[in-house]
Amino acid sequence: MSQEQPQRPQPQEEPQEPIKYGDVFNVSGELAKKPITPQDAADMQAAENLVLGETQKGGPAAVMQSSAAVNNNRGLVGLYDFSDPGIAISDTEYAGHRIVTESVGGEATFINLTSNQVAEPANLRRDNGI
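Residues numbered from 1 in each chain as written. Predicted model: local features only at pLDDT ≥ 70, side-chain atom pairs only at ≥ 80, totals over all residues. Heavy atoms only, no water.

In the nomenclature of an unreviewed UniProt entry, the protein corresponds to SMP domain-containing protein from the organism Lactuca virosa. UniProt, in its Sequence similarities (unreviewed entry) section for the protein, records the words "Belongs to the LEA type SMP family." (UniProt positions renumbered as here; feature names shortened; annotations may be inferred.)

Written out as structure tokens, the structure reads:
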């Protein structure tokens, strides 16, 4: 006669929702409700590499890659799914400043302003009164 082991009750899992654009970026409307997919992340990474020469650490492409990986690993989106939100990156120089704007679905998700001016060290300044 065999005795069965008592079965531990399995916790009821709530249905998981994918990470959406509205969860990680300050966007609204239909875009906020769309899941971040691996293909969307790949598009942003390709755009960053093309325009900026590299993927920005902690930038939109990196955030999208992490979110898409979670969504894919949970089985909430497929590897080849895409939301096709429209990806755009601009890199502009104006008045000695570099302005990088990254957009998803027409909404800016990242803006970076840096100065292209190089400060002259104090010991090399020529206004020392001589």
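Now that the structure is up, let's keep going.
> Hey, could you run me through helix α4 (residues 60-73) in this one?
Quick reminder: α-helices carry 3.6 residues per turn. Residues three or four places apart thus point the same way. If you check α4, its first and last C-alpha atoms are 20 Å apart, about what 14 residues at 1.5 Å a residue would give, namely 20 Å. All buried positions along α4 are accounted for by Pro60, Ala61, Met64, Ser67, Ala68 and Asn71. Along α4, the residues classed as buried sweep out an arc of 130 degrees about the axis, all on the same side. Buried residues along α4 sit in contact with α1 (21-24), α3 (38-52), β1 (87-94), β2 (97-104) and β3 (107-115). Two residues or fewer past α4, glycine 75 is found with a positive phi of approximately 75 degrees. (Helix = DSSP H or I, 4+ residues; strand = E, 2+ residues; numbered from the N terminus. Expected span 1.5 Å × (residues − 1). Buried < 20%, exposed > 50% of the residue type's maximum accessible area, 1.4 Å probe, protein only. Arc of directions from axis to C-beta. Contact = heavy atoms within 4.5 Å.)

> Just checking my understanding: could you explain the pattern of salt bridges for this structure?
Close approach of charged atoms lets side chains of opposite charge pair. This model, assessed by the stated rule, comprises three salt bridges. Ionic pairing is found between glutamate 30 and lysine 33, a salt bridge with its closest N-O pair at 3.6 Å. Here the residue glutamate 30 and the residue lysine 33 both occupy positions in helix α2 (residues 29-33), the gap between them amounting to three residues, near one helical turn. In this structure, the salt-bridge partner of aspartate 91 is arginine 98, at a minimum N-O distance of 2.8 Å. (Salt bridge = Lys/Arg side-chain N within 4 Å of Asp/Glu carboxyl O.)

> Quick question: what am I supposed to make of the pairing of β2 here?
In this sheet, β2 lies alongside β1 in antiparallel orientation, the contact comprising eight bridges. Within the sheet, the bridge partner assigned to alanine 88 lies in β2 and is serine 103. The loop that links β1 with its antiparallel partner β2 comprises two residues; one of these, alanine 95, has a positive phi angle of about 50 degrees. Hairpin geometry of β2 and β3 is characterised by an intervening segment of two residues between the two adjacent antiparallel strands and by a positive phi of about 60 degrees at glycine 105. (Pairing = 2+ DSSP bridges.)

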